[in-house]
Amino acid sequence: EDQVTQSPEALRLQEGESSSLNCSYTVSGLRGLFWYRQDPGKGPEFLFTLYSAGEEKEKERLKATLTKKESFLHITAPKPEDSATYLCAVQDRYGGSQGNLIFGKGTKLSVKP
Amino acid sequence: EPEVTQTPSHQVTQMGQEVILRCVPISNHLYFYWYRQILGQKVEFLVSFYNNEISEKSEIFDDQFSVERPDGSNFTLKIRSTKLEDSAMYFCASSVGTSGSREQYFGPGTRLTVT
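Residues numbered from 1 in each chain as written. Chains lettered and ligands numbered in written order. Predicted model: local features only at pLDDT ≥ 70, side-chain atom pairs only at ≥ 80, totals over all residues. Heavy atoms only, no water.

Draft legend 1. Spotlight on the nonpolar core. The biggest cluster of nonpolar side chains holds 24 residues, and the ones touching the most others in it are A:L33, A:W35, A:L73 and A:Y86. Elements supplying a minimum of two residues to this core: β2 (10–14), β3 (19–26), β4 (30–38), β5 (45–50), β7 (62–66), β8 (70–75), β9 (84–92) and β11 (107–112) of chain A. Ignoring anything within four residues of it in the chain, the contact list for A:L73 reads A:S19, A:S20, A:L21, A:W35, A:F48, A:L62, A:K63, A:A64 and A:Y86. Judged by nonpolar contacts, the second largest core, of 21 residues, contains B:I26, B:L46, B:V67 and B:C92. (Core = buried A, V, L, I, M, F, W, Y, C linked by side-chain atoms within 4.5 Å. Buried < 20%, exposed > 50% of the residue type's maximum accessible area, 1.4 Å probe, protein only. Helix = DSSP H or I, 4+ residues; strand = E, 2+ residues; numbered from the N terminus. Contact = heavy atoms within 4.5 Å.)

Draft legend 2. Expanded view of the side chain of A:D92. Residues and elements named next belong to chain A. Assignment of secondary structure puts D92 in strand β9. When its relative accessible area of 5% is taken as the criterion, D92 is described as buried. Looking at D92, its side chain comes within polar contact range of the main-chain nitrogen of S28, at 3.4 Å. A polar contact is formed between the side chain of D92 and the backbone nitrogen of G29, at a distance of 3.4 Å. Residues in contact with D92, not counting those within four places in the same chain, are D2, V27, S28, G29 and R31. (Polar contact = N/O pair within 3.5 Å; in protein donor to acceptor, adjacent residues only side chain to side chain.)

Draft legend 3. Up close: the pattern of salt bridges. Under the defined criterion, the tally for this structure stands at 5 salt bridges over all chains. The residue A:E55 makes a salt bridge to A:K57 at a minimum N-O spacing of 3.6 Å. The exposure class of A:K57 is partly exposed, given its relative accessible area of 30%. The partner of B:E44 in a salt bridge is B:R36, with the nearest N and O atoms 3.2 Å apart. (Salt bridge = Lys/Arg side-chain N within 4 Å of Asp/Glu carboxyl O.)

Draft legend 4. How the structure looks around the sheet that holds strand β6 (residues 56–59) of chain A. All names here are of chain A. An order of β1-β3-β8-β7-β6 is seen for the 5 strands of this open sheet, with the pairing classed as antiparallel. This sheet does not close on itself; its edge strands, each paired only once, are β1 (3–7) and β6. Strand-to-strand, the axes of this sheet are offset by a mean angle of 15 degrees, without reference to chain direction. (Pairing = 2+ DSSP bridges. Axes fitted to C-alpha atoms, helices over the stretch in contact; angles between N-to-C directions.)

Draft legend 5. The state of the cysteines, seen in detail. Residue and element names in this part refer to chain A. Inspection of every chain in the model, using the stated rule, returns 2 disulfides over all chains. In this model C23 forms its disulfide with C88; the gap between the sulfur atoms is 2.0 Å. Its S-S torsion of about -65 degrees marks the bond between C23 and C88 as left-handed, since a negative value means left-handed. With C23 in strand β3 and C88 in strand β9, the pair connects residues that are 65 residues apart, well separated along the chain. (Disulfide = S-S within 2.5 Å.)

Draft legend 6. Structural view of the layout of surface pockets. Size it by volume and the largest pocket reaches roughly 690 Å³. Of all the secondary structure elements, the ones that give two or more residues to the lining of the largest pocket are β1, β9 and β11 of chain A together with β9 (88–95) of chain B. Of the residues assigned to the lining of the largest pocket, the class counts are 9 nonpolar, 12 polar and 7 charged. By volume, the second largest pocket is sized at about 550 Å³. Along the walls of the second largest pocket sit 20 residues, with A:D2, A:N100, A:I102, B:F45 and B:S58 positioned nearest its centre. When contributions to the lining of the second largest pocket are tallied by element, the ones reaching two or more residues are β1 and β10 (102–103) of chain A together with β5 (44–50) and β6 (53–57) of chain B. Class assignment for the residues of the lining of the second largest pocket results in 7 nonpolar, 5 polar and 8 charged. (1 Å grid on protein atoms, 1.4 Å probe; cavity = no way out; pocket = protein on both sides within 12 Å on 5 of 7 lines; lining within 4 Å. Points joined across faces, edges and corners; volume = space filled by probe spheres on them. Nonpolar A, V, L, I, M, F, W, Y, C, P; charged D, E, K, R; others polar.)

Right, dumping it as structure tokens:
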């Protein structure tokens, strides 16, 4: 069964304090791994897609990396506006024919000024 | 920048009533999805739709649920007889395709409250 586990569940940082969020996954074959940001009461906002181990993507203070079993979302010098829940999702190559996403529970990030 | 839109933002209904949730996907996208998120829980896949038919559905998507693309722009989710446990945020998503750009873009959601 496909599974996505994110840790920690919650993370509190001081502004400027860099850290990493983890996403461990189990799939028959990875078609893609996705990171989303979700603000309270809003829909997930797309951040990154990673397709193969060793791949890295960057956007402003965020950098996503991928290995064969997990992905990390590194946050460098975060600001209060980075506070949100970060969701990891995978597509199983052998699962859904149209690529339905399997989500983790998310990591709730709070950045204090 | 194109975005997925959903209406209404909040729907309150009584148990046993029918509800229709509406979505306008991004105009050049070909694949459409519905997900739901019960408060405090993970986002769960309901159904995917391509070429005017259901491509895949989850165990949640039983006979009480149906989807339709009534015209060239709207994509709807109907719940025939709502239950208390249907209370959740419902998200519509769309993507260009699964072979190239696979990322799915989500709408802001409809909060469904069943009383």
